[in-house]
Each structure stands twice: as C-alpha cells, then as structure tokens.
Amino acid sequence: MKLVRLLANLGYGSRKQVAQLFREGAVTDASGEVLYADDKVEHADVRFEGEPLDPPQGMLLMLNKPTGYTCSRKDVGRLVYDLLPPRFGVRNPVLSTVGRLDRDTSGLLLFTDDGQLLHRIISPKSELGKVYEATLAEDLKGNEAEVFAAGTLMLEGETDPLEPASLEVLGPRHVRLTLTEGRYHQVRRMFAAVGNHVETLERTALGGLTLGGLEPGKWRLLTEEDIRAIFG
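The rules behind the values
Residues numbered from 1 in each chain as written. Predicted model: local features only at pLDDT ≥ 70, side-chain atom pairs only at ≥ 80, totals over all residues. Heavy atoms only, no water. Pairing = 2+ DSSP bridges. Helix = DSSP H or I, 4+ residues; strand = E, 2+ residues; numbered from the N terminus. Buried < 20%, exposed > 50% of the residue type's maximum accessible area, 1.4 Å probe, protein only.

So, the sheet that holds strand 1 (residues 27–29)
Then comes step 1: Taking strand neighbours across the sheet as the criterion, the three strands line up as 1-2-3 in an open arrangement whose pairing is antiparallel. Each end of this open sheet is capped by a strand with a single partner; those strands are strand 1 and strand 3 (51–52).
Then comes step 2: Direction of pairing for strand 1 relative to strand 2 (residues 46–48): antiparallel, over a ladder of three bridges. Across the sheet, the residue bridging to D29 is V46, located in strand 2.

So, in structure tokens, the structure goes:
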C-alpha cells in the first residue's frame, strides 16, 4: 500500500492533506530520515512527527468509559469517541465500539476496526463473562443470587428467560454480577424484576480482561496477550 493511502486510511488526513505532510517532512523512517510518498517502507518503520504510526487494521483498544457519554455516533451530547484522538474517528475501516454501555454505565469498553474480531467477542457462542459492579437503592432481600442463577428469570416485555447469571454480594447494597448475555439494559432490568433499582453500574471485566488500573476517561491499545486474555 502506498504511504499516502496508508496514512489517510489511519486518519492522519485526506490524501491531499497527507501528501502535504510528506512535503513538510513530517513523515520519516525510524532513523529520522525524511520519507517521500512513493517510498516503500514497512508500517512499523514509519514515523509521523517522530512517533510510530497507529496500528493497521485489526486495532483493538480499551477505554474506561466515564458516565455521561454515549456510544452511538448519532446521539447528541458527549460521545465516547470524543475521548479518543480525532484521527481514530476517520480511520478506514471505521473504528466501532464492541457492544455498548449506556450513558449512565461506566467501565470497560472496547473499540475495534476488525469486524471478525468484533463479532467473535459479542457472539453468544463465545459465552464471555461480562462482570459488573452495581450499587442498589435498597438492601438485598437475600434470594437474588438464587433467582439469577436459576435461568428462569423473565424480563418485562420478553418471552425468553435469561441465561443463568452469577451474583456475588459485596455488601447490603453492593454486588458483583457476571453475565454471559448482553440484552438491552440487562443488569438494570434484572434488579427491577426483583423489586430493586440500580443506582450506579460499572463494567469491570470482559472474559479474562480487566481494567487493570486504567483511569476513567483514559484508553490504551490492547496487545496480543490482552486479546488472548479476553478469550481465556
């Protein structure tokens, strides 16, 4: 792939803008030698303003999503994409969230431009555990773990029962819940079904991947080791 097209696909600008960057000497090799648009150089050896290029297609990153941000590009207000470098929003192929967290839910959110990897992660066949911590408006009654584990709980407006879910009690109003499904507002609706209300909700893990100390609003690229951890 020509270097102009490569940088344009990575979101560094339109092809015309990227061509100008070459003329300005902003694109070099790893040793600092200025590159020209028709040079043939490996992706890993190209530098833009002295920094390595973003990964090629197949990039996967993790964001610790704060509350108040939505995952749909069509929404008005604050979007999760606003927390990433602007060039990530114009990559080709497009960078998309792997599933969604609603505006009032914080925590682990993945992004990728690899359609196959996205579908592998969200596919019900993967049965990846999604771990949430929630604080509740009312004290637990004591039978919630049994109800959630039974695989018979029905959510309002649905005809299929939920898959069994694991509930760990951390306090009278503090729980950790592990799901293998991803139905609409599932955690909130589960507690509504047993007469309670979720006040705060955070996703802390997906498969074997955790936030690992990543601060709210911050992101990092995931490694091959991280991807292996997701699938255990």
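Text resumes after the structure shown.
Quick word on the pairing of strand 7 (residues 130–136)
Moving residue by residue along a regular strand, the side chains alternate between the two faces of the sheet.
Then comes step 1: The element strand 7 is extensively covered by neighbouring structure, given that five of its seven residues are classed as buried.
Then comes step 2: Inspection of the sheet shows strand 7 paired to strand 9 (residues 174–179) by six bridges, in the antiparallel sense. Paired with V131 across the strands is T178, a residue of strand 9.
Then comes step 3: Of the pairings in the sheet, the one linking strand 7 to strand 10 (residues 198–206) comprises seven bridges and is antiparallel in character. Opposite Y132, over in strand 10, you have R203 as the bridge partner.

None of the figures reported here should be taken as evidence of function without further support.
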